[in-house]
Amino acid sequence: MRCRLMGALLAGLVAVTLPTVTATTANAQPEPGSAFVAAESSVRVLDTRTGDGVPVWTRSSVTVDVADRVPLGATAVVLNVTGVALTQPTYVSAWQAGEPRPGVSSLNLVVGETRSTTVTVPVGSDRRVSLYNHNGNTHLIADFVGHYGQGGTSWYNSVTQQRFLDTRGGEPFHGGSARTVSLAGLVPPSTTSVVLNVTAVDPTKHTFLTVSRTITGRPTTSSLNAYPYRITPNLVTVPVSDELNIAVWNNSGEVDVLLDLFGYYSPDEGAGFHPITPVRGYDSRTTEWVWPNAQRNVPLGGVVPAEAETVLFNLTGIGYFYGTSLTAWPAGQPRPNVSSVNINGSQTAANHAVVDLGTRRAVDVYNASDHTHIVVDVAGYFAPRA
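All values derive from a computational prediction rather than experimental measurement. (Residues numbered from 1 in each chain as written. Predicted model: local features only at pLDDT ≥ 70, side-chain atom pairs only at ≥ 80, totals over all residues. Heavy atoms only, no water.)

Time to look at the nonpolar core. In this structure, V298, L300, F313, L315, I374, V376 and V378 are the most contacted members of the largest nonpolar core, which totals 27 residues. Where this core is concerned, the elements lending two or more residues are β17 (272-283), β19 (310-318), β20 (323-330), β21 (341-344), β22 (348-356), β23 (362-367) and β24 (373-383). Top element by residues in this core is β24. It accounts for 5 residues. Not counting the four nearest positions on each side in its chain, V298 is found in contact with Y282, A362, V363, V365, I374 and V376. Counting 26 residues, the second-largest nonpolar core is a separate cluster that includes L165, V194, V198 and V255. (Core = buried A, V, L, I, M, F, W, Y, C linked by side-chain atoms within 4.5 Å. Buried < 20%, exposed > 50% of the residue type's maximum accessible area, 1.4 Å probe, protein only. Helix = DSSP H or I, 4+ residues; strand = E, 2+ residues; numbered from the N terminus. Contact = heavy atoms within 4.5 Å.)

Dropping the structure here:
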């Protein structure tokens, strides 16, 4: 009983570092939605461990300049942000440099953990992003994945969420090995990039996974960091080869890998992206826990305009004791056999999600086990092109 109580106190302590704001109605953007341009290979654009090696101090921020990576006219950039060597539990927020910091979080961290998350951030003409650290000191890493803009060529298409790789019960990924995975038959031949939830399951050593276009020329970046006997996800966007393949690399130890397909980009069809200033769309701490083996309906029609069909958001789970997994999908549809966020014990964990709006312009979120709180921070939406 004492251990359970301590777990609840820890979860509450971490949870209160998440700022709460009231959801507001986003103004529809007058310009047409933006298309996506993927980096040929992800590239590191920030690593505070290098140079003078100064971390990001408590309640301070660092600026990431991507002007040499994206052209004028870019509306948003996609980064993989990693927190390393922190001194206190904290959260990190990402937003457009020069604008007021929004009251949302992007990445939650605990001492002794290296954790990554994808962020999609609006940018102005200076093409800079700010990263804020709330508690203690932490090193931050940012890897550039791609950008949205009027000069883009690929449009987003949702699919029924589906798991197409699960190595559990089969051959795990060994340390220092890579594997080619085919998406043929799952996406059309015109596909340029895919949106996947990549999950590392129970690695035997601290490791990282890298997902890339081909098995040759491994990028010097990571897609997610994972710790022994934990389950760690990250939503990634990765270009595919001409044969509709991707490559998955494991750095060390043995690990099972899950790949869940959420959507794809194509020059032939799809929706345009509209970034918004991140806004809190839902916070169950204002109502009640989401109980085990239960789902919560999350209305988002008051956060995005009427033309929005798909919402891009950060889904945060605040664990109580045992840990759980969360799944987000269009309201009113059958729950898919995928996961969005995994929570290990009394952990606060977040992950990007891109989900179609369902019945009454809402998404459903399912909690597998143990009771938990959920927070939804909206970063943008996809809408049909005019």
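Right, picking up where we left off after that structure.
So, about the sheet that holds β20. Read from one edge to the other, the open sheet built from 4 strands follows the order β18-β23-β20-β21, with strand pairing classed as antiparallel. Looking at which strands have only one partner, the edges of the open sheet turn out to be β18 (294-299) and β21. Sheet twist, expressed as the mean angle between neighbouring strand axes with direction ignored, is 20°. In terms of strand pairing, β20 meets β21 through 4 bridges, oriented antiparallel. Residue T324 lies in a different strand from β21, and its bridge partner there is I343. (Pairing = 2+ DSSP bridges. Axes fitted to C-alpha atoms, helices over the stretch in contact; angles between N-to-C directions.)

Next up on the list: the environment of N250. Tracing the sequence through the fold places N250 in strand β15 (residues 245-250). It is 9.8 Å that separates the C-alpha atoms of N250 and P203, two residues lying 47 residues apart in sequence. Those residues in contact with N250 that sit more than four places away from it in its chain are F173, H174, G175, G176, S177, T207, F208, L209 and V255. Polar contacts involving the side chain of N250 include one to the main-chain carbonyl oxygen of F173, which spans 3.3 Å. There is a polar contact of 3.1 Å between the side chain of N250 and the backbone oxygen of G253. (Polar contact = N/O pair within 3.5 Å; in protein donor to acceptor, adjacent residues only side chain to side chain.)

Bringing the sheet that holds strand β11 (residues 193-201) into the picture now. With respect to topology, 4 strands assemble into an open sheet ordered β9-β16-β11-β14, the strand pairing being antiparallel. Both edges of this open sheet fall to β9 (155-166) and β14 (231-239), since each of them pairs with a single strand only. Strand-to-strand twist of the sheet, defined as the mean angle between neighbouring strand axes without regard to direction, takes the value 20°. Here β11 pairs with β14 via 9 bridges, running antiparallel. Bridge pairing links V195 to T237 in β14.

Moving on, we come to the side chain of T138. Here T138 shows up in the loop between β7 (128-133) and β8 (139-149). Given a relative accessible area of 0%, T138 falls into the buried group.

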